Amino acid sequence: MKVCVWEVINPTDREPFCAVASNSRPMDVNSHAEELASDLGVDRAEVKADLENLLEYSVPIDEAKQSVRRKHGGGGGGSSPTPDAFDLAAITTDHGNVTVTVRVLTRGTRTIRYQGDDLTIREGELADETGTISYTAWQDFGFEPGDSLTIGNAGVREWDGEPELNLNESTTVAIADEPVDVDREIGGDRDLVEIAAGDRGRNVEVRVLEVASKTISGRDGETDILEGVVGDETAKLPFTDWDPSPELEPGVDLRIEDVYVREFRGVPSINLTEFSTVTPLSDPVAVADDAPRLPVAEAVDSGGMFDVELVGNVLEVRDGSGLIERCPECGRVVQNGQCRSHGEVDGEDDLRVKAILDDGTATVTVVLDDELTAAVYGGGLEDALSAAKDAMDKDVVAEAIADELVGGAYRVRGSLSVDEYGATLDATAFEAADDDPADVARAALAEVGE
Ligand SMILES: [Zn+2]
């Protein structure tokens, strides 16, 4: 169960980007309280109140139950006061509490909010010879990346299907008798191409490419944040600075320590907080002009990339291409005069292409905006409207685009997002590929049963 940093509404997509952990389901609490009360022989209402209080503090349910047991003299939920020592590879989500001897790989700091108070937690990764495990420390134990530690009575909880260690007030942290040798990178330094959603405590050395100030509605009212793009030799990524640093100016080269990474619109996004440190670099950071070029399957497997180049054949131009109408409120495509969010609206005409691109490894839906579509169509919105009027059929625009694109090989650059509906590349550049793999395209077309 993960809790989040700030519960704010991002005005650009009107969805809370991080909902508070929903671990206080009433049904669960009741049944857990029942079980605890009968085990401990104490009043159920009292146990339930204790449990609810802890759950509100985003304490995982197993932790909360153990805490309540301890309070009522029931011990640690069946586990002995000093739990058995385990190799990290042997820890499963079935374990209650464990003792481990580990090397600290990373440590990130964040603030989470509960009951109107801010609580600072540390998160990161631990390793031993057998593997790695994520941790959350609910108080400051003072350890740092590189430290070798014996951690006693750490709670095991499940996070994203994997075991994670929970270090709380009943956990002991001591320097290990001997340094723990691990075959892993110590510290959070990473190239941008290695950054993935869910990373904590990362350090990057980047050039700031774009910055814009923005006011958002948060829990504390209006808050100013910075949004933009940073780059290094390996990639470019969007960032958000929740505690605006004056150093973040376009063109400056910076070392930024202790950032966390979340997924935003399908791509990893770097987040700076009050705990992040920003230090100007004297040596310039080289920024790649080109986007990394990847096979489609590899790009999709990465879970989303901010700037990537794909090359493949257009198999199909999908419905919703050509002359379309958008909701004047939200910009969504209107179907039969209906917006998904705003009901019946007077749609605004626009041009768009949704094309299926295939390179033999996988397919991706490529979306071209009005400008790229106009280039492919060979005319702008007015031309498209007049062609549709002449033919008394809007579909002639999409048909003309399909005639132009289908079967051809194209080089597409843009932002790739991957979600449950598939992979989508929002194109920033779209051009015919140099080599002419028309036969490859024909073979691909034959395969899909042209
Ligand atoms: Zn709308």
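Just above sits the structure.
Residues numbered from 1 in each chain as written. Predicted model: local features only at pLDDT ≥ 70, side-chain atom pairs only at ≥ 80, totals over all residues. Heavy atoms only, no water.

Draft legend 1. Local environment of the packing of helix 2 (residues 44–56) against helix 3 (residues 61–71). Where helix 2 meets helix 3, the axes come as close as 9 Å, and the angle between the chain directions of the two elements is 135°. What the angle tells us is that helix 2 and helix 3 run oblique. The two elements helix 2 and helix 3 cross, and the hand of that crossing is right-handed. In contact with Glu-46, Val-47, Asp-50, Leu-51, Leu-54 and Leu-55 of helix 2, helix 3 contributes Ile-61, Ala-64, Lys-65, Ser-67, Val-68 and Lys-71. For the contact of helix 2 with helix 3, the per-class residue count stands at seven nonpolar, one polar and four charged. (Axes fitted to C-alpha atoms, helices over the stretch in contact; angles between N-to-C directions. Helix = DSSP H or I, 4+ residues; strand = E, 2+ residues; numbered from the N terminus. Parallel < 35°, antiparallel > 145°, perpendicular 65-115°, else oblique. Left-handed = near helix turned anticlockwise from the far one by under 90°. Contact = heavy atoms within 4.5 Å. Nonpolar A, V, L, I, M, F, W, Y, C, P; charged D, E, K, R; others polar.)

Draft legend 2. The environment of Asp-220, seen in detail. Relative to the assigned elements, Asp-220 resides in the loop between strand 10 (202–218) and strand 11 (221–231). Residue classification places Asp-220 among the exposed residues on the basis of a relative accessible area of 57%. (Buried < 20%, exposed > 50% of the residue type's maximum accessible area, 1.4 Å probe, protein only.)

Draft legend 3. Just the packing of aromatic side chains, in detail. Under the criterion given, the structure shown has three aromatic pairs. Geometrically, the ring pair formed by Tyr-135 and Phe-143 is edge-to-face, given 5.6 Å between the ring centres and 70° between the ring planes. For the residue pair Tyr-135 and Phe-143, the accessibility class agrees, reading buried in each case. Each ring, one from Tyr-410 and one from Phe-430, has its centre 4.6 Å from the other, and the planes form 15°; the classification is stacked. Here Tyr-410, found in strand 22 (residues 409–419), pairs with Phe-430, found in strand 23 (residues 422–432); they are 20 residues apart in sequence, far enough to count as distant. By relative accessible area, which is 10% here, Tyr-410 ends up buried. Judged by relative accessible area, Phe-430 falls into the buried class, the value being 15%. Residue placement shows Arg-110 over the ring face of Tyr-260; its charged tip is 5.0 Å from the ring centre. (Phe/Tyr/Trp six-rings, centres within 6.5 Å; stacked < 30°, edge-to-face > 60°. Lys NZ or Arg CZ within 6 Å of the ring centre and 35° of its normal.)

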